[in-house]
Amino acid sequence: MREEEKIFAGQVFWPGHPDLVAIKLRCHNLCTEYNRTFEDEKEKRAEIVQQIFGVFGEGSFVQGPLQIHYGVHTKIGRNFFGNFNLTIQDDAPVTIGDRCNFGPNVTIVTPQHPLLPDERRALKTKDGREIRVCYAQPVTIGNDCWFGANVVVCPGVTIGDNCVIGAGSVVTKDIPANSIAVGNPCRVLRTLSDADSMKHMPERLTEEEFVF
């Protein structure tokens, strides 16, 4: 089994394996190239970002700077917006739905390390080699989600459609669809409803006529 296949199978893998290092180096270099561009270099940015991600949907935009680990393991839907300092450590697959909006400093992580310090330093194989290993769990984010600034999504988490995750939240467990969730660890406050509509906030509306 190839080292990358071990990741997808949820098994321990050697992040220092040359095959994985090559994937990460390619992505890191592309991120550095993207981060060196000017915001009005739209064509150049669009070309680079398509090379970074496995899928980057139509109408999507990343403000930058960004730090992505593998890139090819991340699929982003249509009309996504990622603000400053998006970080995705996508050892395992990361899937982000359509029309999601991420505030500054959002971080998504998938890798896990052995808990015991001696195992974290290295595991010994039958032939006497010592290998530093980790394993990873996928992250899935539904459609139409809004993450506030400094949200951290931990390995193995699934967040349903239409969720709002409050600024500074650390999401360690699944969040059901249509939820407002905040805190560290992130907890569901309540389910979204018509009471949350902007039509009930006239003080926030301008003279523009909106149809609800």
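Note that the structure is a prediction, hence the values are computed from the model and not measured. (Residues numbered from 1 in each chain as written. Predicted model: local features only at pLDDT ≥ 70, side-chain atom pairs only at ≥ 80, totals over all residues. Heavy atoms only, no water.)

Quick look at the sheet that holds strand E21 (residues 187-191)
Thought 1: Pairing is mixed across the open sheet formed by seven strands, whose spatial order is E2-E5-E8-E15-E18-E20-E21. Strand pairing shows two members of the sheet lacking a second neighbour, strand E2 (61-62) and E21, which therefore form its edges.
Thought 2: As defined by bridge partners, E2 adjoins strand E5 (residues 81-82) across two bridges and the pair is classed as parallel. Bridge pairing links Val62 to Gly82 in E5. (Pairing = 2+ DSSP bridges. Helix = DSSP H or I, 4+ residues; strand = E, 2+ residues; numbered from the N terminus.)

Remarks on the pattern of salt bridges
Thought 1: Taken as a whole, this structure holds nine salt bridges when the rule is applied.
Thought 2: In this structure, the salt-bridge partner of Arg2 is Glu5, at a minimum N-O distance of 3.7 Å.
Thought 3: Between Arg129 and Asp127 there is a salt bridge whose closest N-O contact spans 3.1 Å.
Thought 4: Here Arg129 falls in the partly exposed class, since its relative accessible area comes to 45%.
Thought 5: Taken together, the shared-partner salt bridges connect Arg2, Glu4 and Glu5 into one network. (Salt bridge = Lys/Arg side-chain N within 4 Å of Asp/Glu carboxyl O. Buried < 20%, exposed > 50% of the residue type's maximum accessible area, 1.4 Å probe, protein only.)

Concerning the packing of aromatic side chains
Thought 1: In this structure the tally under the stated criterion is four aromatic pairs.
Thought 2: Taking the centre distance of 5.4 Å and the plane angle of 10° together, the rings of Phe53 and Phe56 count as stacked.
Thought 3: Judged by relative accessible area, Phe53 falls into the buried class, the value being 3%.
Thought 4: Overall, the relative accessible area of 9% leaves Phe56 in the buried class. (Phe/Tyr/Trp six-rings, centres within 6.5 Å; stacked < 30°, edge-to-face > 60°.)

Regarding the pairing of strand E20 (residues 179-182)
Thought 1: As paired elements, strand E18 (residues 164-165) and E20 share two bridges and run parallel to each other. Residue Ile165 lies in a different strand from E20, and its bridge partner there is Ala181.
Thought 2: Sheet topology note: the E20/E21 ladder contains four bridges and is antiparallel. Opposite Ser179, over in E21, you have Thr191 as the bridge partner.
Thought 3: The hairpin formed by E20 and E21 contains four residues between the paired strands, and Gly183 there has a positive phi angle of roughly 105°.

Concerning the side chain of Asp98
Thought 1: Checked against the element boundaries, Asp98 lands in the loop between strand E7 (94-96) and strand E8 (101-102).
Thought 2: In this view, Asp98 contacts Gly77, Arg78, Asn143 and Asp144; residues no more than four positions away in its chain are not counted. (Contact = heavy atoms within 4.5 Å.)

A closer look at helix H3 (residues 42-52)
Thought 1: Those residues of H3 lying buried are Arg45, Ile48, Val49 and Ile52. For H3, the angular spread of buried residues about the axis comes to 100°, placing them on one side. H3 presents Glu43 and Glu47 as exposed residues on the side facing more than 90 degrees away from its buried surface.
Thought 2: Elements in contact with the buried residues of H3: helix H2 (18-35), strand E1 (55-56), E2 and strand E3 (66-68). (Arc of directions from axis to C-beta.)

Quick notes on the packing of H2 against H3
Thought 1: Contact pair H2 / H3: the axes reach a minimum separation of 10 Å and the direction vectors enclose 160°. By the criterion of interaxial angle, the relationship of H2 to H3 is roughly antiparallel. As for how H2 packs across H3, the hand of that crossing is left-handed. Contact with H2, carried on its side by Arg26, Cys27, Leu30, Cys31, Glu33 and Tyr34, involves Lys44, Arg45, Ile48, Val49, Gln51 and Ile52 of H3 and no other residues of that element.
Thought 2: Classifying every residue of the contact of H2 with H3 by side-chain character gives seven nonpolar, one polar and four charged. (Axes fitted to C-alpha atoms, helices over the stretch in contact; angles between N-to-C directions. Parallel < 35°, antiparallel > 145°, perpendicular 65-115°, else oblique. Left-handed = near helix turned anticlockwise from the far one by under 90°. Nonpolar A, V, L, I, M, F, W, Y, C, P; charged D, E, K, R; others polar.)

Note that all results are geometric; they support no functional claim without further evidence.
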